[in-house]
Amino acid sequence: MEVKTNPGRFFEDYKIGQVIEHAVPRTVSGGERALYHALYPARHALYSSDEFAENCGLSKSPMDDLIAFHVVFGKTVPDISLNAVANLGYAEGRWLKPVYPGDTLRSVSEVIGLKQNSNGKSGVVYVRTTGLNQFDEPVLEYVRWVMVRKGDLDAPAPETVIPELTKVVAPEDLLIPEGLDFLNYNFTLAGEPHRFADYEIGEKIDHVDGVTIEEAEHMMATRLWQNTAKVHFDATNREDGKRLIYGGHVISMARALSFNGLANAQMIVGLNGGAHANPCFTGDTVRAYTEVLDKAETEAPGVGALRLRLVAYKHGAPEFAYKTEEGKYHPDVLLDLDYWAVVPQ
């Protein structure tokens with residue numbers, strides 16, 4: 001009898017150049033926004049108020065940039081990371097078009113790199129994923145790499161192909177949403193007075209607050225984003241009997257915490273790189289700080305761009321030190337995210 005269930009792809013199932021169209025398009029609505037703002041202390045004004053967004057040149061308030069990321073990412077999980085050991089990193093990410101309530105998103109991925117690990121039990125798969133709306137317009141693209149188990153340990157190792165990825169999305173390659181205009185920006189309603197000129201390269205911002213990760217909220221988030229990776233759902237999937245907190249959950253929590261000090265970093269427009277440095281588990285208290293890495297002008301009226309390193313950590317990580325003297329991530333660092341955000345000038 002034909003087996004009808006899907007065990008997911010294993011490392012040996014991927015081929016360079018393989019294109020995977022992911023199942024189950026999803027129409028997003030105000031429901032996703034309400035749940036997102038319930039799960040995370042998210043309160044950037046552009047994503048909270050139609051009136052504020054209209055005053056900034058948009059037709060209405062778009063969905064939070066990370067809602068688009070989570071939905072597009074979640075579509076890929078059954079095909080890319082169902083049998084993952086861990087999601088390892090990101091590069092060359094760009095938000096290409098705002099997503100609004102009522103838009104329908106789907107995802108397509110291309111395999112661009114493969115490398116079997118020395119233990120022969122797993123390998124790293126590199127994919128470039130594009131999220132498209134109902135008009136087949138790209139709204140988001142990024143590269144990620146993930147460690148995937150082998151199903152057949154005797155399967156031969158593929159030829160190693162590691163893609164050459166740019167370390168930073170060039171400012172001129174950032175796509176600022178059409179019509180975005182910060183000339184009449186309302187700093188009072190946004191919540192902070194700080195503008196482009198107030199941030200200095202090399203400056204570090206402690207975001208002060210912390211949030212303790214709850215099991216129930218994490219499980220709600222992974223279901224909301226339809227992220228069915230076994231390590232997030234099934235406590236028997238790991239030897240320690242713990243469910244691994246979805247890395248995107250940590251990203252959104254840290255981004256929301258960054259509001260205190262970066263309330264005017266309204267939109268993420270580029271993802272230069274990212275690493276889930278260490279696993280996060282229920283009961284961990286997430287804190288965050290940001291380092292300003294670079295600044296750039298844009299052609300949009302009154303809009304500047306900041307390149308920011310967002311570091312999420314727990315417990316005993318030393319202040320503003322995310323790596324040890326040996327160059328390795330401190331064991332209490334959870335996330336190292338390098339991104340571009342737009343701010344008023």
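Here the structure is a predicted model, which is why all the values come from computation and not from measurement.

Chemist: Which parts of the structure should I look at to understand helix α3 (residues 65-80)?
Modeler: Owing to its 3.6 residues per turn, the α-helix aligns residues three or four sequence positions apart on the same side. End to end, α3 covers 22 Å across 16 residues, agreeing with the expected 22 Å (1.5 Å per residue, within 8%). In terms of residue burial, α3 counts as a mostly covered element, since 15 of its 16 residues are buried.

Chemist: What am I meant to see in the packing of helix α1 (residues 30-39) against α3 here?
Modeler: Describing two packed helices takes the angle between their axes plus the distance from one axis to the other. As a packed pair, α1 and α3 sit with axes 11 Å apart at the nearest point and diverge in direction by 105°. Relative to α3, the element α1 lies roughly perpendicular. The residues of α3 that touch α1, namely those facing E32, R33 and Y36, are L66, I67 and H70. Among the residues making up the contact of α1 with α3, the classes are represented as 3 nonpolar, 1 polar and 2 charged.

Chemist: Please clarify how helix α7 (residues 247-257) should be interpreted in this entry.
Modeler: Most of α7 is tucked away, with 11 of its 11 residues classed as buried. By the burial criterion, the buried members of α7 are G247, G248, H249, V250, I251, S252, M253, A254, R255, A256 and L257.

Chemist: So what exactly am I meant to see when it comes to the packing of aromatic side chains here?
Modeler: The description of an aromatic ring pair uses the distance of the two centres, along with the angle that the planes make with each other. Overall, the coordinates contain 13 aromatic pairs when judged by the stated rule. On the basis of an interplanar angle of 50° and a centroid distance of 5.3 Å, the ring pair of F69 and Y142 is categorised as tilted. Of this pair, F69 sits in helix α3 while Y142 sits in strand β6 (residues 138-149), and the two are 73 residues apart along the sequence. With a relative accessible area of 1%, Y142 lands in the buried category. Of the aromatic side chains, those joined through ring pairs into one cluster are F69, F73, Y90, Y142 and Y246. Above the face of the F196 ring, K295 is positioned so that its terminal group lies 4.5 Å from the ring centre. Cation over ring: K323 sits above Y329, and NZ or CZ is 4.9 Å from the ring centre.

Chemist: Before we go on, may I ask you to explain the pairing of strand β4 (residues 104-116) in this structure?
Modeler: On a regular strand, one side chain projects to one face of the sheet and the next to the other, so that they alternate. Two elements, strand β1 (residues 19-21) and β4, share 3 bridges in a ladder whose sense is antiparallel. Residue pairing for β4: E21 is matched across the bridge by V108. When strand β2 (residues 26-27) meets β4, the two strands line up antiparallel, connected through 2 bridges. Paired with T27 across the two strands is T104, which belongs to β4. As paired strands, β4 and strand β5 (residues 122-132) are joined by 10 bridges and run antiparallel to one another. If you follow L114 over to β5, its bridge partner there is V125.

Chemist: So what exactly am I meant to see when it comes to the pattern of salt bridges here?
Modeler: Side chains that differ in sign of charge can pair as their charged atoms come close. Taken as a whole and assessed by the stated rule, the structure comprises 11 salt bridges. Residue R309 is joined to D336 by a salt bridge in which the shortest nitrogen-to-oxygen separation is 3.0 Å. Of this pair, R309 sits in strand β10 (residues 303-313) while D336 is found in strand β11 (residues 333-344), placing the two residues 27 residues apart along the sequence. Comparing R309 with D336, the two get one shared label, buried.

The rules behind the values
- Residues numbered from 1 in each chain as written.
- Predicted model: local features only at pLDDT ≥ 70, side-chain atom pairs only at ≥ 80, totals over all residues.
- Heavy atoms only, no water.
- Helix = DSSP H or I, 4+ residues; strand = E, 2+ residues; numbered from the N terminus.
- Expected span 1.5 Å × (residues − 1).
- Buried < 20%, exposed > 50% of the residue type's maximum accessible area, 1.4 Å probe, protein only.
- Axes fitted to C-alpha atoms, helices over the stretch in contact; angles between N-to-C directions.
- Parallel < 35°, antiparallel > 145°, perpendicular 65-115°, else oblique.
- Contact = heavy atoms within 4.5 Å.
- Nonpolar A, V, L, I, M, F, W, Y, C, P; charged D, E, K, R; others polar.
- Phe/Tyr/Trp six-rings, centres within 6.5 Å; stacked < 30°, edge-to-face > 60°.
- Lys NZ or Arg CZ within 6 Å of the ring centre and 35° of its normal.
- Pairing = 2+ DSSP bridges.
- Salt bridge = Lys/Arg side-chain N within 4 Å of Asp/Glu carboxyl O.

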